[in-house]
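# Coordinate inspection notes
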Amino acid sequence: MFIKIEIIDQVGILTIDRQDALNAMNPQVLRELDLAVKTFIADKNVGVIILTGAGEKAFIAGADIKLMQQLDTEGALDFGKLGQKITMTIEDSPKPVIAAVNGFALGGGCEISLACHIRFASENAMFAQPEVKLGLIPGWGGTQRLPRIVGKGNAIELIIGGHMINSQEAHRIGLVNKIFPLDQLMEETMKFAKLILGNGPRSIAESLHCIHKSAGNTLIDGLNLEVEAFSDLFGTDETSEGLTAFVEKRKADFRS
Ligand code: CAA
């Protein structure tokens with residue numbers, strides 16, 4: 001098993017543990033990760049998911065290069081689609097997925113982090129889409145998600161430069177939400193996960209859905225999607241509890 005699974009206070013923690021290859025991903029790691037995320041999505045005891053890497057050096061050092069060396073175009077198509085599938089599982093998760101990037105997030109590792117809803121990074125984290133150095137292009141969503149997150153100009157610079165950037169630069173261009181010292185990364189990520197857990201799970205899921213589904217839409221299509229989700233919530237206990245709790249001057253209880 002390459003994925004360690006833990007649940008602490010309704011936070012599901014997934015740790016990619018293949019340290020001898022800096023947590024690089026082969027098909028087995030990808031399949032295990034896909035299954036683990038789906039298991040947490042289905043688990044009523046989990047409200048937020050954190051994804052991180054084992055050790056102090058790497059989040060994920062990318063797709064497994066030694067494996068890719070053996071692939072023909074057909075094998076590469078399967079491998080590319082498998083990686084893209086897990087990025088969709090993460091991005092479509094109705095429960096927020098936070099990447100706690102604790103070191104190298106390179107190639108496919110950067111792309112997995114891009115599929116997460118939020119990226120927190122340690123001070124030592126390094127990001128890159130170095131595929132062009134290998135005669136490749138990003139294959140797990142980098143050409144599509146990176147420009148949406150950091151803007152087209154920054155994305156092109158990173159993808160055709162192939163160079164690494166540190167977490168400060170990643171923060172400056174909007175790739176990273178927050179930076180913490182490595183020894184505080186998990187604690188701070190847990191703190192934010194617990195903040196999210198105080199909020200309505202259905203409201204969170206609908207917000208994520210509207211944000212992601214409207215990415216390729218016109219403004220008017222996005223507004224229509226949003227107003228439908230907004231009004232649907234008024235038929236739920238969650239919204240009734242949230243509004244009533246405010247009026248009664250008490251904290252809303254969304255999860256009991
Ligand atoms: N695939 C397979 N093995 C990898 C790996 C990868 N992506 N990254 C690191 N490793 C292995 C190394 O081969 C090495 O194993 P051995 O001891 O058996 O040789 C071990 O991990 C430790 O790595 P290094 O000795 O290289 O460690 P370092 O500290 O000197 O360097 C590094 C660290 C800068 C991250 C360097 O390992 C590196 O550049 N790795 C490759 C990063 C990369 O190019 N990733 C993108 C892959 S392409 C991709 O992901 C395509 C896509 O879009 C899906």
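Since the structure is predicted, the reported quantities are computational estimates derived from the model, not experimental observations. (Residues numbered from 1 in each chain as written. Predicted model: local features only at pLDDT ≥ 70, side-chain atom pairs only at ≥ 80, totals over all residues. Heavy atoms only, no water.)

## Considerations on the overall build of the protein chain
A tally of regular secondary structure across the protein chain gives 11 helices and 10 strands. For the protein chain, the residues scored as buried account for 46% of the 256 residues in total. For the protein chain, the exposed surface amounts to about 13,200 Å²; the carbon and sulfur share of it is 57%. Both charge centroids of the protein chain, one from 25 positive and one from 32 negative side chains, sit 1 Å from each other. (Helix = DSSP H or I, 4+ residues; strand = E, 2+ residues; numbered from the N terminus. Buried < 20%, exposed > 50% of the residue type's maximum accessible area, 1.4 Å probe, protein only. Areas by Shrake-Rupley, 256 points an atom, 1.4 Å probe, with all protein chains shown as cover. Lys, Arg positive; Asp, Glu negative; His and termini not counted. Charge placed at Lys NZ, Arg CZ, Asp CG, Glu CD.)

## Some points on the pairing of strand β7 (residues 118–122)
By the criterion of burial, β7 is predominantly enclosed, with 5 of the 5 residues buried. As judged from the 4 bridges shared by strand β5 (residues 97–101) and β7, these two strands associate in the parallel manner. When the bridges of β7 are listed, Val 101 appears paired with Ala 121. Bridge count for β7 against strand β10 (residues 178–180) is 3 bridges, and the pairing is parallel. Note that in β10 the partner of Ala 121 across the bridge is Ile 179. (Pairing = 2+ DSSP bridges.)

## A look at the packing of helix α9 (residues 201–213) against helix α10 (residues 219–232)
Where α9 contacts α10, the axes come no closer than 9 Å and their chain directions differ by 170 degrees. Taken as axis vectors, α9 and α10 run roughly antiparallel relative to one another. Contacts from Glu 206, His 209, Cys 210 and Lys 213 in α9 reach Leu 225, Glu 226 and Ala 229 in α10. (Axes fitted to C-alpha atoms, helices over the stretch in contact; angles between N-to-C directions. Parallel < 35°, antiparallel > 145°, perpendicular 65-115°, else oblique. Contact = heavy atoms within 4.5 Å.)

## Topic: the nonpolar core
By size, the foremost hydrophobic cluster in this structure holds 43 residues, and its most contacted members are Leu 33 and Phe 127. The element best represented in this core is helix α1 (residues 27–42), accounting for 6 residues. With 16 residues, the next largest nonpolar core counts Val 11, Ala 100, Ile 118 and Leu 197 among its residues. (Core = buried A, V, L, I, M, F, W, Y, C linked by side-chain atoms within 4.5 Å.)

## Comments concerning the domain arrangement of the protein chain
Taken domain by domain, the protein chain comprises domain 1 (3–197) and domain 2 (201–247). Computed from C-alpha atoms alone, the centre-to-centre distance between domain 1 and domain 2 is 27 Å. Each partner contributes to the interface: domain 1 provides 9 residues, whereas domain 2 provides 6 residues. Regarding the contact of domain 1 and domain 2, the summed buried area is about 530 Å², with carbon and sulfur atoms giving 67% of it. Sorting the residues of domain 1 by area buried against domain 2 places Glu 91, Pro 94 and His 117 first, and these three jointly supply 51% of that buried surface. Taken together, domain 1 and domain 2 are joined by 1 salt bridge. Note that Lys 213 and Asp 92 form a salt bridge whose closest N and O atoms lie 3.9 Å from each other. The tally of links between domain 1 and domain 2 comes to 0 residue pairs in polar contact (both at pLDDT 80 or more). (Domains from an automatic or database assignment. Buried area = accessible area lost by both parts, 1.4 Å probe. Salt bridge = Lys/Arg side-chain N within 4 Å of Asp/Glu carboxyl O. Polar contact = N/O pair within 3.5 Å; in protein donor to acceptor, adjacent residues only side chain to side chain.)

## Details of the pairing of strand β3 (residues 48–53)
One face of the sheet, then the other: side chains in a regular strand alternate in exactly this way. Burial analysis of β3 places 6 of its 6 residues in the buried class, the great majority of the element. Here β3 shows a buried face lined by Val 48, Ile 50 and Thr 52 and a second buried face lined by Ile 49, Leu 51 and Gly 53. Relative to β3, strand β2 (residues 11–16) is paired through 6 bridges, and the arrangement is parallel. Considered in β3, the bridge of Ile 13 is made with Ile 50. Once the chain exits β2 it traverses α1 before rejoining the sheet at β3, and the crossover so formed is right-handed. As judged from the 4 bridges shared by β3 and β5, these two strands associate in the parallel manner. From the neighbouring strand, Ile 50 faces β5, where its bridge partner is Ile 98. (Right-handed = clockwise from strand over helix to strand, strands pointing away.)

## Things to note about α9
The periodicity of an α-helix, 3.6 residues per turn, causes residues three or four positions apart to be oriented the same way. Here α9 is 13 residues long and its end C-alpha atoms lie 18 Å apart, about the 18 Å a rise of 1.5 Å per residue gives. When α9 is considered as a whole, its buried residues turn out to be Ile 204, Glu 206, Leu 208 and Cys 210. On the buried face of α9, the contacting elements are α8 (185–197) and α10. (Expected span 1.5 Å × (residues − 1).)

## Describing the site of the ligand
The local shell around the ligand holds 24 residues, among which Lys 57, Ala 63, Gly 108, Glu 111 and Glu 131 are the closest. Take Asp 20: an N or O atom from its main chain is 3.4 Å from an oxygen atom of the ligand. Taking Glu 111, its side chain carries an N or O atom lying 2.7 Å from an oxygen atom of the ligand. Counting residues per element, the ones that place at least two in the shell around the ligand are α2 (65–68), β6 (104–106) and α4 (108–115). With 3 residues, α2 is the largest single contributor of residues to the shell around the ligand. Taken together, the residues of the shell around the ligand sort by class into 14 nonpolar, 4 polar and 6 charged. (Near = heavy atom within 4 Å. Nonpolar A, V, L, I, M, F, W, Y, C, P; charged D, E, K, R; others polar.)

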